[in-house]
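Examining the three-dimensional arrangement
Residue strings, one per chain:
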Amino acid sequence: MRPQLLVGGLLVAVLGALLFVVQLPFLYFWSLPLALGGGVMALASFFMSEGEGPVTAPPGYRFCVFCTNPVPIGAERCSRCNGLQPRGE
Ligand SMILES: [Zn+2]
């Protein structure tokens, strides 16, 4: 769930709906794509993981010191770059 994307999508959808209602000559053309795109954005935000993903490792994991791939805590080597992980913690 990404709140920024949800808010952005809703704003775009509202803008599209507004253009659809007002029916300005040229902007009317953009009303349906905007409304649909905004709706898709808002919907997609529910299926996307938290935006802070790259910043905090999932529970039980930490980032590889070489390639920042999530590595299980206690694992000796990274599964992606095979880098030796520092011990402890
Ligand atoms: Zn690595």
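Sequence order sets the numbering: in each chain, residues are counted from 1 along the sequence as written. The model is predicted, so local features are restricted to residues of pLDDT at least 70 and side-chain atom pairs to those at 80 or more, both for listing and for counting; the totals for chains, interfaces and linings are taken over all residues.

On to the overall build of the chain, then. Labels follow the DSSP assignment, with helices taken as runs of H or I lasting at least four residues and strands as runs of E lasting at least two, numbered in each case from the N terminus. For the chain, the helix and strand inventory stands at two helices and two strands. Reading the chain from its N end, one meets helices and strands in the order α-α-β-β. Each radius of gyration reported is based on C-alpha atoms, and the globular scaling rule is 2.2 Å times the count of residues to the power 0.38. For 89 residues, the compact-globule estimate of 2.2 N^0.38 gives 12 Å, and the C-alpha radius of gyration of the chain, at 21 Å, exceeds that figure by more than 25%. Projecting the C-alpha coordinates of the chain onto the three principal axes gives extents of approximately 65 × 20 × 15 Å. Residue burial in the chain is summarised as follows: out of 89 residues, 11% are buried. For the chain, contacts bridging at least 24 residues in sequence account for 31% of all contacts bridging at least 6. Neighbour density around each residue's C-beta defines its exposure: 20 or more other C-beta atoms within 10 Å make it buried, 12 or fewer make it exposed, and counts between make it partly exposed, where C-beta atoms are placed from the backbone. Residue pairs qualify as contacts under a 7 Å threshold applied to their C-beta atoms, which are placed from the backbone.

Boundary definitions for the domains trace back to an automatic or database domain assignment. Entries for the chain in the domain assignment read domain 1 (3-47) and domain 2 (57-89). The centre of domain 1, based on its C-alpha atoms, is set 42 Å off from the matching centre of domain 2.

Turning to the environment of P3, a few remarks are in order. Position of P3 relative to the elements: it lies in helix α1 (residues 3-22). In this structure P3 comes out as exposed when scored by C-beta crowding, with 10 C-beta atoms within 10 Å. In this structure the C-alpha to C-alpha distance between P3 and M41, which are 38 residues apart in sequence, comes to 11 Å.

In the Ramachandran plot, T68 falls in the positive-phi region, its phi being about 60 degrees despite a non-glycine side chain. Considering the arrangement of structural elements, one finds T68 in the loop between β1 (61-63) and β2 (70-72). The residue N82 is not glycine, and still its phi comes out positive at about 60 degrees. By the secondary structure assignment, N82 is in the segment after β2.

A fitted line through C-alpha atoms represents every axis, and for helices the fit uses only the stretch in contact; the resulting angles, taken between N-to-C directions, go from 0 to 180 degrees. In the contact formed by α1 and helix α2 (residues 28-47), the axes pass within 7 Å of each other and the chain directions differ by 155 degrees. Taken together, the axes of α1 and α2 lie roughly antiparallel to each other. The hand of the α1/α2 crossing is left-handed. Residue composition of the contact of α1 with α2, grouped by class: 18 nonpolar, eight polar and no charged. If an angle is under 35 degrees, it is roughly parallel; if it is over 145, roughly antiparallel; if it lies from 65 to 115, roughly perpendicular; otherwise it is oblique. A clockwise turn of the near helix away from the far one marks a right-handed crossing, whereas an anticlockwise turn of less than a right angle marks a left-handed crossing. Classes in brief: Ala, Val, Leu, Ile, Met, Phe, Trp, Tyr, Cys and Pro nonpolar; Asp, Glu, Lys and Arg charged; the others, Gly included, polar.

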